[in-house]
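A closer look at the structure
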Amino acid sequence: MAITRVHHVGLVNGDLDHAKQILVEGFGLAVDEHRTPLPGGKPGYDGTTILEFPIGELFYEVAKPNDSESEPAKYLASTNGRGGMYYISLASNDMKGDIQGIVDRGGKLQGDWDGAGSVFIDPTTSLGLRIQITPEDNYFVHPYYKGNGNCTGLAHVGIAARNPEESRQFWGHILGLKEDKTEERGKDGPDPKRPPSAADDPVHLLEFPLGGTVIEISH
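A brief structural summary. Nothing here was measured: the structure is a model prediction, and the numbers come from that model.

1. Remarks on the overall build of the protein chain
Along its length, the protein chain carries 4 helices and 10 strands. Radius of gyration (C-alpha) of the protein chain: 18 Å, near the 17 Å computed for a compact globule of 219 residues. For the protein chain, the C-alpha atoms occupy an extent of roughly 55 × 45 × 35 Å along the three principal directions. Looking at the 219 residues of the protein chain, the share that counts as buried comes to 42%. Of all intrachain contacts in the protein chain linking residues separated by at least 6 positions in sequence, the fraction that spans at least 24 positions is 64%. When the accessible area of the protein chain is evaluated, it comes to approximately 11800 Å², of which 51% is carbon and sulfur surface. Considering the protein chain, the positive charge centre built from 20 side chains and the negative charge centre built from 32 side chains are found 3 Å apart.

2. Digging into unusual backbone geometry
Comment: phi is negative for the bulk of residues other than glycine, and the bulk of peptide bonds are trans. With an omega of 5 degrees, the peptide bond between leucine 38 and proline 39 qualifies as cis. Examined against the element boundaries, proline 39 turns out to sit in the loop between α1 (16-26) and β2 (42-43). At asparagine 138, a position not held by glycine, the phi torsion is positive, near 50 degrees. In this fold, asparagine 138 is placed in the loop between β7 (131-135) and β8 (156-160).

3. Comments concerning the packing of aromatic side chains
Evaluated as defined, the whole model comprises 7 aromatic pairs. Consider the rings of tyrosine 86 and tyrosine 87, whose centres lie 6.3 Å apart with planes at 85 degrees: the pair is edge-to-face. Considered together, tyrosine 86 and tyrosine 87 belong to a single accessibility category, that of buried residues. Following the ring pairs from residue to residue traces out a cluster consisting of Tyr45, Tyr75, Tyr86, Tyr87 and Phe120. Sitting above the plane of the tyrosine 139 ring, arginine 35 keeps its charged end 4.4 Å from the centroid.

4. Section: the sheet that holds strand β10 (residues 213-218)
Strand pairing in a sheet relies on backbone hydrogen bonds, with the paired strands running either antiparallel or parallel. The mixed open sheet is built from 3 strands, whose spatial order is β8-β10-β9. Only two strands of the sheet have a single neighbouring strand rather than two, namely β8 and β9 (205-210). Taking the axes of each pair of neighbouring strands and ignoring which way they run, one obtains an average angle of 20 degrees across the sheet. As judged from the 6 bridges shared by β9 and β10, these two strands associate in the antiparallel manner. Counted as the bridge partner of proline 209 is valine 214 from β10. Helix α4 (residues 164-174) rests against β8, β9 and β10 of the sheet, and its axis sits at about 10 degrees to β9.

5. Focus: the environment of glycine 212
The topology assignment puts glycine 212 in the loop between β9 and β10. Considered as a pair, glycine 212 and glycine 153 are 59 residues apart in the sequence and their alpha carbons are 7.9 Å apart. Other than its neighbours up to four places away in sequence, glycine 212 contacts Glu57 and Leu154.

6. Thoughts on the nonpolar core
Within the largest apolar cluster, 36 residues are counted, with the highest numbers of intra-cluster contacts made by Leu90, Ile133, Trp171 and Leu175. In terms of nonpolar packing, the next biggest core, distinct from the first, is built from 5 residues, Tyr75, Leu76, Tyr86 and Tyr87 among them.

Reading the values: rules and limits
Residues numbered from 1 in each chain as written. Predicted model: local features only at pLDDT ≥ 70, side-chain atom pairs only at ≥ 80, totals over all residues. Heavy atoms only, no water. Helix = DSSP H or I, 4+ residues; strand = E, 2+ residues; numbered from the N terminus. Rg over C-alpha atoms; globule rule 2.2 N^0.38 Å. Buried < 20%, exposed > 50% of the residue type's maximum accessible area, 1.4 Å probe, protein only. Contact = heavy atoms within 4.5 Å. Areas by Shrake-Rupley, 256 points an atom, 1.4 Å probe, with all protein chains shown as cover. Lys, Arg positive; Asp, Glu negative; His and termini not counted. Charge placed at Lys NZ, Arg CZ, Asp CG, Glu CD. Phe/Tyr/Trp six-rings, centres within 6.5 Å; stacked < 30°, edge-to-face > 60°. Lys NZ or Arg CZ within 6 Å of the ring centre and 35° of its normal. Pairing = 2+ DSSP bridges. Axes fitted to C-alpha atoms, helices over the stretch in contact; angles between N-to-C directions. Core = buried A, V, L, I, M, F, W, Y, C linked by side-chain atoms within 4.5 Å.

Here is the structure:
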């Protein structure tokens, strides 16, 4: 049993045409019209309309709320209409085993689970993050929908957190991911042997590799 990769990153945006312009014209991605046909996309969760943009082994799912009362709509309003990353979906090749393990190690689920499909972890046990566990579908996008090839994958998902041990407890213990301790940086503050640089982030970084990308957590 294993959580195998980042399945997709869920974004919320108030204007799908604008999102498409940025991701297609700006970053060279393409809409997966097989799954989310243009121009209208397809109905998504909680009354949203979504477009999917493949990037490497995963995809961006951009959702536009169709009302003002749903949770995605409230999130969009909380960002003054800018939107952003709303949730992270992680693929599992053994849903029952992985979900049972998460619960046994102290995680809680949000709402009732049907025993087979996707489920969210209760944010009270995921450090306030919206984390979805979804069945591995081994979907490989047609090359036509991979865009111009300038962006070939997602190097990492960057998350800001308050405490490294809290992060290790959730990502390492509850989810069962393996930390790459060789990439831990900033634990003891700036290197006194090296002159300070404006590019230095005064943060303690932890990394959890997952498939072809990395969960990078800044404290």
